[in-house]
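Fold and contact review
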Amino acid sequence: MKKGYSKVLIMSMATALLIAGVFAFVSMARMNNSVKDLQTKSEEYAQKLAVQTVPDNVGILGSRADNAQADISDMIQSVMPSVVGVSAEIVKNIDDLHNREENAVNVGSGFIVSEDGYIITNNHVIAGGTSDIMVSMSDGHVYKADKLWSDETLDLAIIKIGVSNATALNLGDVKSLRQADAVYAIGNPLGMQFQRTVTSGIVSALYRTISINDEKNTNVTMDSLIQTDASINPGNSGGPLIDKDGNVVGINTIKIGSAEGIGFAIPINIVKPILQSVIKNGKFEMPDLGFMAYDKNVAQYLNQSFEISTGITVFRVYSGTPADVAGLKEGDVITHVNKKPVENMMDFREQIYYLADEESCVLSVLSNGRLTEKEIILRNFAG
């Protein structure tokens, strides 16, 4: 009885061990398969994650910043051949007992705006110059230039050299700029020794109005200027102010000598219609409308009674001029030119300059609370 019981017990234990072994084998097999599946899925996930995150992670460590800087550097290199040095021989008076004169050389910058050699620069770079205006290219070639047009109140000039395949810069739009946008000034500070120097900064402000004394020591008001903290030094005058895309948004002109980081550029929008006329007609005749006006911010600064939200405020009307004949009065606010809105002096100048070949245009004027329309003559007036 005991022997039979022992045999049964032994067989039962063996059977249980066999079943446990089989279960364990099956479980291990399933576990191994699960582990393999998990490993495979983990590897696939890791690969997807690597594809998705490596560029961003590397960018945080520097690659993204490096690429952005490389793009800016490439852009600057692409525009550099279009930046030129401009020099003009001038006759300079020596203030002494004998009131002598001597020859001197003005040195500044400029930039090419057409394949056939039209160049924009500042008037004060070539003002008082003789016929010897010289342009030095980035490849070392030097050309004699002809002056086609200049204006001391705008401090702009257009000259031309005899080439047919020059690299021209793209002209941008100041209206696309915002405060704190990055800009780059290129020019020849302190003469040709440091030619084609690049400085960077931001747009500090737009549509600034300042008063300066020109070469004749006459007070001149310049409006709609771009204020920037990009370094602008003597010799930078006439060079381009470039946006991040390589478009010219301004012409570098002056800096405030008594302050650091305050320089100004003339908005490119003002010179566009002038350039178009000079290329098409060989000249540009600026309409002299016979009134003085300011942007809303300047107007309110000069006279707090002027509270306007848009347009330009008339401050003075000269007798016998088209403005006087049209009936413009001090305090009138010009809001439109031929139905096109006027936000500031740049808008007004740009629209009037494009219309310079016309006989007249219609101004929308807010006068004593009433909106009226006044026709003003653009040409052929006595004054």
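Before any of the text, the structure's been laid out above.
Quick look at the structure, then. Keep in mind it's a predicted model, so treat the numbers as computed, not measured.

Applying the stated rule across the entire model yields four aromatic pairs. A ring pair is formed by Trp149 and Phe284, whose centres lie 6.1 Å apart and whose planes are at 80 degrees; its orientation type is edge-to-face. In this pair, Trp149 sits in strand S5 (residues 142-151) while Phe284 sits in the loop between helix H4 (268-281) and strand S13 (291-295), placing the two residues 135 residues apart along the sequence. Here Trp149 and Phe284 have matching classes, each one buried. Ring centres of Tyr294 and Phe315 lie 5.1 Å apart, and the angle between their planes is 80 degrees; this geometry places the pair in the edge-to-face category. Of the two residues, Tyr294 is situated in strand S13 and Phe315 in strand S14 (residues 312-317); the sequence distance between them amounts to 21 residues. Among the residues examined, Tyr294 registers a relative accessible area of 14% and is labelled buried. Put simply, the rings of Trp149, Phe284 and Tyr353 touch in pairs and so form one group of aromatic residues. Directly above the aromatic system of Tyr118 lies the positively charged group of Lys160, at a separation of 5.4 Å from the ring centroid.

All right, on to the pattern of salt bridges then. A side chain of one charge can pair with a side chain of the opposite charge when the charged atoms of the two come close. One pass over the full model with this rule turns up seven salt bridges. Put simply, Asp132 and Lys144 hold a salt bridge, and the shortest N to O gap is 3.7 Å. One end of the pair, Asp132, is in strand S4 (residues 129-136); the other, Lys144, is in strand S5, and twelve residues separate them in sequence. Residue class for Asp132 comes out partly exposed when judged on its relative accessible area of 29%. Put simply, Arg349 and Asp223 hold a salt bridge, and the shortest N to O gap is 3.0 Å. Within this pair, whereas Arg349 is found in helix H7 (residues 345-354), its partner Asp223 is found in strand S9 (residues 219-228), the two being separated by 126 residues in sequence. For Asp223, a relative accessible area of 11% translates into the label buried. Through salt bridges that share partners, Lys175, Asp347 and Glu350 make up one connected network.

Burial along strand S10 (residues 240-243) is two-sided: Pro240 and Ile242 facing one way and Leu241 and Asp243 facing the other are all buried. In this structure, strand S7 (residues 182-187) lies alongside S10, joined through three bridges in antiparallel fashion. Each residue of the ladder has a partner; that of Val183, found in S10, is Asp243. Counting the residues that bridge the hairpin from S10 to strand S11 (residues 248-255) gives four residues, and of these Gly246 lies at a positive phi of roughly 90 degrees.

In this section: the nonpolar core. Ranked by size, the top nonpolar core spans 67 residues in total, and within it Phe291, Ile334, Phe348 and Leu363 carry the most contacts. Residue contributions to this core peak at six residues, all from H4. Apart from the residues within four sequence positions on either side, Phe348 is in contact with Leu289, Phe291, Ile312, Ile334, Val337, Val342 and Leu363. By size, the runner-up hydrophobic cluster in this structure holds 16 residues, among which are Ile126, Met137, Ala145 and Ile159.

Taking 1.5 Å per residue, 14 residues should reach 20 Å; H4 reaches 20 Å between its end C-alpha atoms and fits that length. Considered for burial, the residues of H4 that qualify are Ile268, Asn269, Ile270, Val271, Pro273, Ile274, Leu275, Ser277 and Val278. Following H4 by one or two positions, Gly282 has its phi on the positive side, about 80 degrees.

Conventions and cut-offs
Residues numbered from 1 in each chain as written. Predicted model: local features only at pLDDT ≥ 70, side-chain atom pairs only at ≥ 80, totals over all residues. Heavy atoms only, no water. Phe/Tyr/Trp six-rings, centres within 6.5 Å; stacked < 30°, edge-to-face > 60°. Helix = DSSP H or I, 4+ residues; strand = E, 2+ residues; numbered from the N terminus. Buried < 20%, exposed > 50% of the residue type's maximum accessible area, 1.4 Å probe, protein only. Lys NZ or Arg CZ within 6 Å of the ring centre and 35° of its normal. Salt bridge = Lys/Arg side-chain N within 4 Å of Asp/Glu carboxyl O. Pairing = 2+ DSSP bridges. Core = buried A, V, L, I, M, F, W, Y, C linked by side-chain atoms within 4.5 Å. Contact = heavy atoms within 4.5 Å. Expected span 1.5 Å × (residues − 1).

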